[in-house]
Amino acid sequence: MAKAYILKNRERRTVYGHPWIFKSDIERIEGDCKPGDVVDVYSYRGKFLGRGYYNPRSQIAIRLLTREQEDINADFFYRRIRSAWEYRKQFADLNSCRVVFAESDFLPALIVDKFSNYLVMQTLALGIDRYKYLLADILDDIIKPDGIYERNDVPVRELEGLDQRKGYIKGEFDTNVVMVENGIKFFVDVANGQKTGYFLDQKENRAAIQPFVKGAKVLDCFTHTGAFALHAAHYGAASVLGIDISEHAVEFARKNAALNGYEDVCQFEVGNTFDVLRKYHKEKNTFDVVILDPPAFTKSRDTVESAIRGYKEINLRAMKIIRPGGYLITCSCSQHIEPELFMDILYTAAIDAKRDVRVVERRSQAKDHPVLLASKETEYLKCVILQVC
């Protein structure tokens, strides 16, 4: 097995538990290896640090699988996936959950989501993609789904030298799957929906809105397929308006409302949230609860400043149209907007909106998306419930 040696003074992050080794951290590779091969990692003094797959094409050149000198084979992957599944079985509603969360489950670049009795896989790095069919066989043996679908139609794979693709891995089935989340039914388009078809990371945050929406007039911005909106209806909202810029998403949101019998409570419109919030403020159209769950405004550190402006704008506008005593439920899934920075954005938005605002609750991603303490990149979702006084 080839050996990768880390530069002097660059191994601290690895020693302290981070699973990524960047190309710029590597001093040399000894031995023959091809992109995607497993290599041993050593400090510059020759101390063994771990074993992971290597891809010189990627900035993240090595993703650690283990810190032990153990074989990376079918038994290894079986133990890892079984451990991830046993973890979820302790607390998750297994009808809808994330089964494997990449580095946090010690299987870097592997995502597996479960919708009803179907699994959706993503293998986002060359090293893990080599084991795709083996992993599917293991998932089939442990979970026994009715089918497995591949959603590898994501640009990040191209950074690894991989193509974009999607399709069936195990079985063939209707890719419009019906699942249940918090007692609510949803159509999930596993073939064409965003990411793997549905955002499971907000599951617990959607349940957390229950005390704030009963009898309320609710505005759900960036509604996507209506998840927060339907939860508001489920928990007794008087009326819910969902806004999304995607016609495809709004169509699915309407189908989801009909699936649950909430057509009279939930209305959905195609619109740009920035323009809609500005328009409602001008028209003095107010709400008891506003929910903001936008897509990531930045994917890199280079665009953080523009993302800050975007987050401030929508939160400021939302605060201005919330009736006194009402609630703002606001989220960010941008990894580069760290929790304290997000709170600073909300603070400056409240100042400019001339509103007294108090924090009711700060939340993160669901427990089936665990955070690896040594890797802050695995904590990306912020959800804050605020009262606008």
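Relevant structure appears above.
First things first, this report covers the structure right here in the doc. From a predicted model like this one, the values you see are computed outputs, not experimental measurements. (Residues numbered from 1 in each chain as written. Predicted model: local features only at pLDDT ≥ 70, side-chain atom pairs only at ≥ 80, totals over all residues. Heavy atoms only, no water.)

## Concerning the overall build of the chain
No. 1: In terms of helices and strands, the chain carries eleven helices and 20 strands.
No. 2: The C-alpha atoms of the chain give 22 Å as radius of gyration, which agrees with the globular expectation for 389 residues (21 Å, within 12%).
No. 3: Dimensions along the principal axes, computed over C-alpha positions, put the chain at roughly 70 × 45 × 35 Å.
No. 4: Burial analysis of the chain (389 residues in total) assigns 56% to the buried set.
No. 5: Long-range contacts, defined as pairs at least 24 residues apart, comprise 62% of the intrachain contacts of the chain with a sequence gap of at least 6.
No. 6: Accessible surface, the chain: about 17200 Å² in total, of which carbon and sulfur atoms supply 48%.
No. 7: On the chain, the mean spot of the 56 positive side-chain charges and the mean spot of the 55 negative ones are 4 Å from each other. (Helix = DSSP H or I, 4+ residues; strand = E, 2+ residues; numbered from the N terminus. Rg over C-alpha atoms; globule rule 2.2 N^0.38 Å. Buried < 20%, exposed > 50% of the residue type's maximum accessible area, 1.4 Å probe, protein only. Contact = heavy atoms within 4.5 Å. Areas by Shrake-Rupley, 256 points an atom, 1.4 Å probe, with all protein chains shown as cover. Lys, Arg positive; Asp, Glu negative; His and termini not counted. Charge placed at Lys NZ, Arg CZ, Asp CG, Glu CD.)

## Things to note about the pattern of salt bridges
No. 1: Under the criterion given, the structure shown has 32 salt bridges.
No. 2: One salt bridge connects D137 with K170, and the closest N-O pair in it is separated by 2.5 Å. You can see D137 sitting in helix α4 (residues 132-143) and its partner K170 sitting in strand β11 (residues 165-170), a full 33 residues away along the chain.
No. 3: We classify K170 as partly exposed; its relative accessible area is 25%.
No. 4: Taking the shortest distance from any N to any O, the salt bridge between K255 and E251 comes out at 3.4 Å. Taken together, the residues span about one helical turn, with K255 and E251 both in helix α8 (residues 247-260) at a distance of four residues.
No. 5: In this structure K255 comes out as partly exposed when scored by relative accessible area, which is 38%.
No. 6: Residue E251 is classed as partly exposed on the basis of its relative accessible area, which comes to 41%.
No. 7: Each of the salt bridges in this network shares a partner with another, and the network as a whole consists of D129, R157, D163 and R165. (Salt bridge = Lys/Arg side-chain N within 4 Å of Asp/Glu carboxyl O.)

## Some details on the side chain of E160
No. 1: For E160, the location among the structural elements is in the loop between β10 (147-152) and β11.
No. 2: Take E160: its relative accessible area is 5%, and that puts it in the buried class.
No. 3: A polar atom in the side chain of E160 sits 3.1 Å from the side chain of S58.
No. 4: At 3.0 Å, the side chain of E160 and the backbone nitrogen of L126 are in polar contact.
No. 5: Ignoring anything within four residues of it in the chain, the contact list for E160 reads N55, R57, S58, I60, R63, L124, A125 and L126. (Polar contact = N/O pair within 3.5 Å; in protein donor to acceptor, adjacent residues only side chain to side chain.)

## Comments concerning the packing of helix α10 (residues 304-320) against helix α11 (residues 339-353)
Helix-helix packing is characterised by the crossing angle of the two axes and by the distance between the axes.
No. 1: Two elements in contact, α10 and α11, have axes whose closest approach is 8 Å; the angle formed by their N-to-C orientations is 45 degrees. Classified by the interaxial angle, the pair formed by α10 and α11 is oblique. Relative to α11, the crossing made by α10 is right-handed. Taking contact as the criterion, the partners of V304, I308, Y311, K312, N315, L316, M319 and K320 in α10 are, on α11, L341, F342, I345, L346, T348, A349, A350, D352 and A353.
No. 2: For the contact of α10 with α11, the residue count by class is twelve nonpolar, two polar and three charged. (Axes fitted to C-alpha atoms, helices over the stretch in contact; angles between N-to-C directions. Parallel < 35°, antiparallel > 145°, perpendicular 65-115°, else oblique. Left-handed = near helix turned anticlockwise from the far one by under 90°. Nonpolar A, V, L, I, M, F, W, Y, C, P; charged D, E, K, R; others polar.)

## Topic: the sheet that holds β10
Pairing between the strands of a sheet comes from backbone hydrogen bonds, and it takes one of two forms, parallel or antiparallel.
No. 1: Taken together, five strands build an open sheet; the order of strands is β7-β8-β9-β10-β11 and the sheet is mixed. Of all the strands in the sheet, just β7 (96-101) and β11 have a single pairing partner and so form its edges. Averaged over all adjacent pairs, the angle separating strand axes in this sheet is 20 degrees, with direction ignored.
No. 2: Pairing between β7 and strand β8 (residues 110-115): five bridges, direction antiparallel. In the strand pairing of β8, V100 is matched with V112.
No. 3: Of the strands in this sheet, β7 and β8 touch helix α2 (residues 74-89), which is tilted by about 145 degrees from β7. (Pairing = 2+ DSSP bridges.)

## Brief notes about the sheet that holds strand β4 (residues 38-42)
No. 1: Reading across the sheet, the six strands line up as β2-β6-β5-β4-β1-β3 and stay open at both edges, with mixed pairing between neighbours. At either margin of the open sheet sits one strand with a lone partner, and together these are β2 (20-22) and β3 (26-30). This sheet shows a mean twist of 35 degrees between the axes of neighbouring strands, independent of strand direction.
No. 2: Sheet topology note: the β2/strand β6 (residues 60-66) ladder contains three bridges and is antiparallel. Considered in β6, the bridge of W20 is made with R63.

## Remarks on the packing of aromatic side chains
No. 1: By the definition in use, this model includes 18 aromatic pairs.
No. 2: With a centroid separation of 5.3 Å and an interplanar angle of 80 degrees, the aromatic rings of F76 and F77 are classed as edge-to-face. Note on accessibility: F76 and F77 belong to one class, buried.
No. 3: When the centroid spacing of 6.3 Å and the interplanar angle of 70 degrees are considered together, the rings of F222 and F297 count as edge-to-face. Separated by 75 residues along the polypeptide, F222 in the loop between β14 (217-221) and α7 (227-234) and F297 in the loop between β17 (287-292) and α10 bring together distant segments of the chain.
No. 4: For F222, a relative accessible area of 15% translates into the label buried.
No. 5: If you follow R28 out to its NZ or CZ, it ends over the ring of Y5, 4.0 Å from the centre.
No. 6: The ring of F252 has K255 lying over it, and the distance from NZ or CZ to the ring centre is 5.2 Å. (Phe/Tyr/Trp six-rings, centres within 6.5 Å; stacked < 30°, edge-to-face > 60°. Lys NZ or Arg CZ within 6 Å of the ring centre and 35° of its normal.)

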